[in-house]
Amino acid sequence: EANTMWLLLLAMVRSVFTYVPYIRLALRQTRCGYCSQSKRNIPINPHIVNADYAVRGSIVDAADVLQAKLNELVAEDVDQFGFKSVMKLNIGNPQALGQRPITFARQLLAACSFPDLWSKDVIPTDVIERAKQILRSCDGGSMGSYSNSHGVMAIREHVAEFIERRDGYPADLGSIFMLGGASEGIRMILNLIGCGDGKDRSGVMIPVPQYPLYSASLAELNLPTIPYYLEESSCWSVNSDILQSTVERAKATCRPTVLVVINPGNPTGCVLIKAP
């Protein structure tokens, strides 16, 4: 199916950052910026080499080794480690830790992908009605057909209705894009604003601590990173004085263009509040 192919492609693109640590390790063993193989020098983008994605690094590798050893041991030998399983907290992965998936979402995906289920008394009627609405918005009535570049119209309409109910203002349907996750949207925006040379290059302000998606993406795009520090004494909140001083210092090397605010904070958990 066409949509399945696109989902696989997006998954492959997103997985690039998963393998960045291994790419860097390989390149340290070769000449800078090149990979030698069969007497050929294959040029590699140096910005990819410089990208770090810490949540997929050596600590996770060590956890995988421990888990593999635990899997090999019989039950009575596991006690030698002092624990029986490894819980990975390097990424937000709640279902891996036992959170149950949202039933409605799973039922709707099943109903759209396999309409034969509609007559099997396993899908609630409200889910079937929603599936029919979505499929009417798909060419050929199939989820396997290509959608508009913005995404399936029916789904975008639902998003617009939600935004209007939440915020109390009409949402512009033409400004709503459906993407394969937040990471894809972030990289798209960063790629869009990246321009200029020397001190005129677009600089991006990111909080510290931050989720490494931002620093890794900026390294890949060769955009200046402008770190601003969160105020630990006030639960890792954003301080306007720190923002202003950071902007002024950054002007010496680039043109501050984008301010990244993560709310709720990742990994700090801080939630922004309204203040004078």
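Predicted model only: the values in this text are computed from it and were never measured. Counting starts from 1 at the beginning of each chain's written sequence and moves along it residue by residue. With the structure being a predicted model, the display of local features is reserved for residues of pLDDT at least 70 and the display and counting of side-chain atom pairs for 80 or more, all residues being used for whole-chain, interface and lining totals. As a convention, hydrogens and water are excluded, and side-chain values are obtained from all of the structure's heavy atoms.

J.: Report on the nonpolar core, specifying residues and quantitative values.
T.: What is meant by a nonpolar core is a set of buried Ala, Val, Leu, Ile, Met, Phe, Trp, Tyr and Cys residues, joined one to another through side-chain atoms within 4.5 Å. Exposure classes here rest on a 1.4 Å probe applied to the protein chains alone. A residue is buried below 20% of its type maximum, exposed above 50%, and partly exposed in between. One finds Val204, Ile206, Tyr214, Leu218 and Val260 to be the most contacted residues of the largest nonpolar core, which totals 15 residues. It only takes one pair of heavy atoms within 4.5 Å for two residues to be counted as in contact. Excluding residues within four positions of it along the chain, Tyr214 makes contact with Ile186, Ile206, Val260 and Ile262.

J.: So, the pairing of strand β3 (residues 202–208): which residues are in play, and what are the values?
T.: Most of β3 sits inside the fold, with six of its seven residues counted as buried. Taken together, the four bridges between β3 and strand β5 (residues 255–259) define a ladder with parallel strand orientation. From the neighbouring strand, Ser202 faces β5, where its bridge partner is Arg255. Here, strands pair whenever DSSP counts at least two bridges between them. A run of H or I in DSSP counts as a helix once it spans at least four residues, and a run of E counts as a strand once it spans at least two, with each numbered from the N terminus. Bridge count between β3 and strand β4 (residues 225–229): five bridges; the pairing is parallel. Pairing of Val204 across the sheet is with Thr225, part of β4.

J.: Residue-level account of the layout of surface pockets, with values.
T.: A 1.4 Å probe that fits into a set of points on a 1 Å grid over the protein atoms alone but cannot get out defines a cavity; an open set with protein on both sides within 12 Å along at least five of seven lines defines a pocket, and lining residues are those with an atom within 4 Å of a point. Grid points are joined across faces, edges and corners, and a volume is the space filled by probe spheres set on the points. The space that makes up the second largest pocket amounts to roughly 280 Å³. Around the second largest pocket, the lining is made up of 17 residues, and of these Gly185, Ile186, Ile189, Tyr214 and Val260 lie nearest the centre. Counting only elements with at least two residues in the lining of the second largest pocket, the list comes to α8 (182–193) and β5. When residues are grouped by polarity, Ala, Val, Leu, Ile, Met, Phe, Trp, Tyr, Cys and Pro land in nonpolar, Asp, Glu, Lys and Arg in charged, and all others, Gly among them, in polar. Among the residues forming the lining of the second largest pocket, the class breakdown is 13 nonpolar, four polar and no charged.

J.: Go over the sheet that holds β4 with me, naming the residues and quoting the values.
T.: Ordered by their spatial adjacency, three strands build an open sheet running β4-β3-β5, and the pairing between neighbours is parallel. Unpaired on one side and paired on the other, β4 and β5 mark the two borders of the sheet. The mean angle between the axes of side-by-side strands here comes to 40°, regardless of whether they run parallel or antiparallel. Between the N-to-C directions of two axes lies an angle of 0 to 180 degrees, each axis being a line fitted to C-alpha atoms and, for a helix, fitted only over the stretch in contact. Its contacts with the sheet put helix α10 (residues 240–250) on β3, β4 and β5, and the angle it makes with β4 is roughly 155°.

J.: So, the state of the cysteines: which residues are in play, and what are the values?
T.: Put simply, a disulfide is two cysteine sulfurs that come within 2.5 Å. Taken as a whole and judged by the stated rule, the model has zero disulfides. As a non-bridged cysteine, Cys112 has Cys138 as the owner of its nearest cysteine sulfur, 7.1 Å distant.

J.: Quick one: what's the story with empty space enclosed by the protein, residue by residue and with numbers?
T.: Tallied over the entire structure, the rule returns one cavity of 30 Å³ or more. Approximately 100 Å³ is the volume attributed to the largest cavity. Contributing to the lining of the largest cavity are 14 residues, with Leu230, Trp236, Val238, Ile262 and Gly265 lying nearest its centre. In terms of residue class, the lining of the largest cavity is built from 10 nonpolar, four polar and no charged.

J.: Would you mind going over a nonpolar patch on the surface in detail, with residue names and values included?
T.: Together, Met87, Leu89 and Leu97 line one region of the surface with nonpolar side chains, adding up to about 350 Å² of accessible area. Here Leu97 shows up in the loop between α4 (58–72) and α5 (103–113). Since its relative accessible area comes to 46%, Leu97 is described here as partly exposed. Patches here are clusters of residues that have more than 30% relative accessible area and form no salt bridge, with a 9 Å joining cutoff for like charges and a 5 Å cutoff for nonpolar side chains (Val, Leu, Ile, Met, Phe, Trp, Tyr). Accessible surface is estimated by sampling points in the Shrake-Rupley manner with a 1.4 Å probe; for residues, cover comes only from the protein chains shown. In what follows, salt bridge is the name for a side-chain nitrogen of Lys or Arg lying within 4 Å of a carboxyl oxygen of Asp or Glu.

J.: So what about the packing of helix α6 (residues 125–136) against helix α7 (residues 153–167)? Which residues, and what values?
T.: In helix packing, the relevant descriptors are the interaxial angle and the interaxial distance, both defined with respect to the helix axes. Two elements in contact, α6 and α7, have axes whose closest approach is 7 Å; the angle formed by their N-to-C orientations is 120°. One way to sum up the angle between α6 and α7 is to call them oblique. Between α6 and α7, the residues in contact are Arg130, Gln133 and Ile134 and Ala154, Ile155 and His158, respectively. Here the residues of the contact of α6 with α7 are counted per class, giving three nonpolar, two polar and one charged. Every angle not falling under 35 degrees, over 145, or within 65 to 115 is termed oblique; those three ranges are roughly parallel, roughly antiparallel and roughly perpendicular.

J.: How would you explain the packing of α8 against helix α9 (residues 213–221) if you had to name every residue and give the values?
T.: Their axes nearest at 10 Å, the elements α8 and α9 cross at an angle of 40°. Between α8 and α9, the interaxial angle falls into the category oblique. For the crossing formed where α8 meets α9, the hand is right-handed. For the pair α8 and α9, contact is made by Ser183, Ile186, Arg187, Leu190 and Asn191 and by Leu213, Tyr214, Ser217, Leu218, Glu220 and Leu221, respectively. Here the residues of the contact of α8 with α9 are counted per class, giving six nonpolar, three polar and two charged. Note on convention: the crossing is left-handed when the near helix lies turned anticlockwise from the far helix by less than a right angle, right-handed when the turn is clockwise.

J.: Summarise α7; cite the residues concerned and give the values.
T.: In a helix, the anticipated span is given by 1.5 Å times the number of residues less one. Taking 1.5 Å per residue, 15 residues should reach 21 Å; α7 reaches 21 Å between its end C-alpha atoms and fits that length. Looking at the packing, one finds that the buried side of α7 touches α6. Gly168 occupies a position one or two residues after α7 and carries a positive phi of about 80°.

J.: Requested: an account of the pattern of salt bridges, with residues and values cited.
T.: A complete count under the given rule lists five salt bridges for this structure. The shortest N-O distance in the salt bridge between Asp167 and Arg166 comes to 2.7 Å. Given a relative accessible area of 53%, Arg166 falls into the exposed group. In this structure, Lys251 and Glu248 form a salt bridge, with 3.4 Å as the shortest nitrogen-oxygen distance. The exposure class assigned to Lys251 is partly exposed, which follows from its relative accessible area of 47%.

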